[in-house]
Amino acid sequence: MAKVTRDDVARLAGTSTAVVSYVINNGPRPVAPATRERVLAAIKELGYRPDRVAQAMASRRTDLIGLIIPDARQPFFGEMAHAVEQAASERGKMVLVGNTDYVAEREVHYLRAFLGMRVSGLILVSHALNDLAAAEIDAWDARVVLLHERPEAIDDVAVVIDDLDGARQAVSHLLGHGYEYVACMGGTAETPVVGDPVSDHVEGWRRAMEEAGIPTEGRLFEAPYNRYDAYRIGLEILSGPRRPPAIFCSTDDQAIGVLRAARELRIDVPGELGVAGFDDIKEAGLTDPPLTTVASDRSAMARSAVDLVLDDGLRVAGSRRERLKVFPSHLVVRRSCGCEG
């Protein structure tokens, strides 16, 4: 059976091959609704399948968006990747995902691989983008949107949430329950000081404590972002002689580890220990007790990142403020802080 070509579609639809291309590619020129319907009907009747490889070679772009994240095993990044995939699908794009495991060399590897595939754009969730990775982006003149984090090494458009204010809300809420003070489980020694959400969470904790006139010295604990290490460190903190009355965790995954440690040590939450997290992953509502946390609209953030990375005006010059899209954060109150709900 002969392969169906674009010429066949044009002939059956009574139009030109250029118009067929405009319909298939959704541009660059508009097509009258009636003509579009004829072309789509012809495509369906003939069973035409566009040659995506040829299209990519002609346009020097594919229907792919590259998404580089630290670790999809962590629920927050898994949920964010799913939101990006849904938003990209709405724009007729597919998503390639690379996990860096917080390793700079792997980040550069995925940058080179995805950009070499001529992706339509790149959405980057970078823990600490280094100069080599930044140089790679500049060399390809890539369309890049930063999501969730905004490393100092590059100044591309960023979609983030108000991490600092969200953390301040959570800590102030815990203090409002009458806890003497709130300890903080932050990141590690490798956590960037600027541009990283966890650093902003720690700063929000500090500000809330200072606003309440409570010292922070000796009350910040380093921990990786995952529940397993947080559980181990939580056991050490909660079994020590100076057990804090409440803990604000920089991620929900950390908070889940702390809740497990408290249960193992038979510490009542929230009666003997208040706990709050950050991210509002789906699991936060299923912990025992349900976790008070800070939420953001991940679907809207993902859609914004996809729209920005596909828009022609992405690289238009502007101030840092104009190139930073900040989504609000809000407190989600559950029982781990001491509330009834």
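How each quantity is defined
- Residues numbered from 1 in each chain as written.
- Predicted model: local features only at pLDDT ≥ 70, side-chain atom pairs only at ≥ 80, totals over all residues.
- Heavy atoms only, no water.
- Buried < 20%, exposed > 50% of the residue type's maximum accessible area, 1.4 Å probe, protein only.
- Helix = DSSP H or I, 4+ residues; strand = E, 2+ residues; numbered from the N terminus.
- Pairing = 2+ DSSP bridges.
- 1 Å grid on protein atoms, 1.4 Å probe; cavity = no way out; pocket = protein on both sides within 12 Å on 5 of 7 lines; lining within 4 Å.
- Points joined across faces, edges and corners; volume = space filled by probe spheres on them.
- Nonpolar A, V, L, I, M, F, W, Y, C, P; charged D, E, K, R; others polar.
- Axes fitted to C-alpha atoms, helices over the stretch in contact; angles between N-to-C directions.
- Contact = heavy atoms within 4.5 Å.
- pLDDT = per-residue confidence, 0-100.

Caption draft 1: Main features of the pairing of strand β3 (residues 121-124). Judged by which residues are buried, β3 turns out to be covered on both faces: G121 and I123 on one side and L122 and L124 on the other are all buried. Bridging between strand β1 (residues 64-69) and β3 involves 4 bridges; their strand directions are parallel. Looking at the pairing, I68 lines up with L124 of β3.

Caption draft 2: View of empty space enclosed by the protein. Inspection of every chain in the model, using the stated rule, returns 2 cavities of 30 Å³ or more. Here the largest cavity is characterised by a volume of approximately 170 Å³. Lining the largest cavity are 18 residues, and of these Q74, F77, H148, T251 and D279 sit closest to its centre. Of all the elements in the fold, those that place two or more residues in the lining of the largest cavity are α5 (75-90) and α9 (197-211). Residue classes in the lining of the largest cavity are distributed as 8 nonpolar, 6 polar and 4 charged. Volume-wise, the second largest cavity comes out at about 40 Å³. Forming the boundary of the second largest cavity are F76, M80, H148, I161, D279, S296 and M301. For the lining of the second largest cavity, the class distribution of residues is 4 nonpolar, 2 polar and 1 charged.

Caption draft 3: Quick look at the sheet that holds strand β11 (residues 324-327). Spatially, β2-β1-β3-β4-β5-β11 is the arrangement adopted by the 6 strands of the open sheet, whose pairing is parallel. One side of each edge strand has no neighbouring strand; the edge strands of this open sheet are β2 (94-99) and β11. On average, adjacent strands in this sheet sit at an angle of 20° to one another, irrespective of strand direction. Note that β3 and strand β4 (residues 144-147) share 3 bridges and pair parallel. Paired with L124 across the bridge in β4 is L146. Helix α12 (residues 298-310) rests against β1, β3, β4, β5 (157-161) and β11 of the sheet, and its axis sits at about 175° to β5.

Caption draft 4: Up close: the confidence of the model for the protein. The pLDDT averaged across the protein works out to 88; a share of 90% of its residues lies at or above 70. When the criterion is pLDDT under 50, residues 315-321 qualifies, and its contacts beyond four places in sequence or with other chains add up to 13 contacts.

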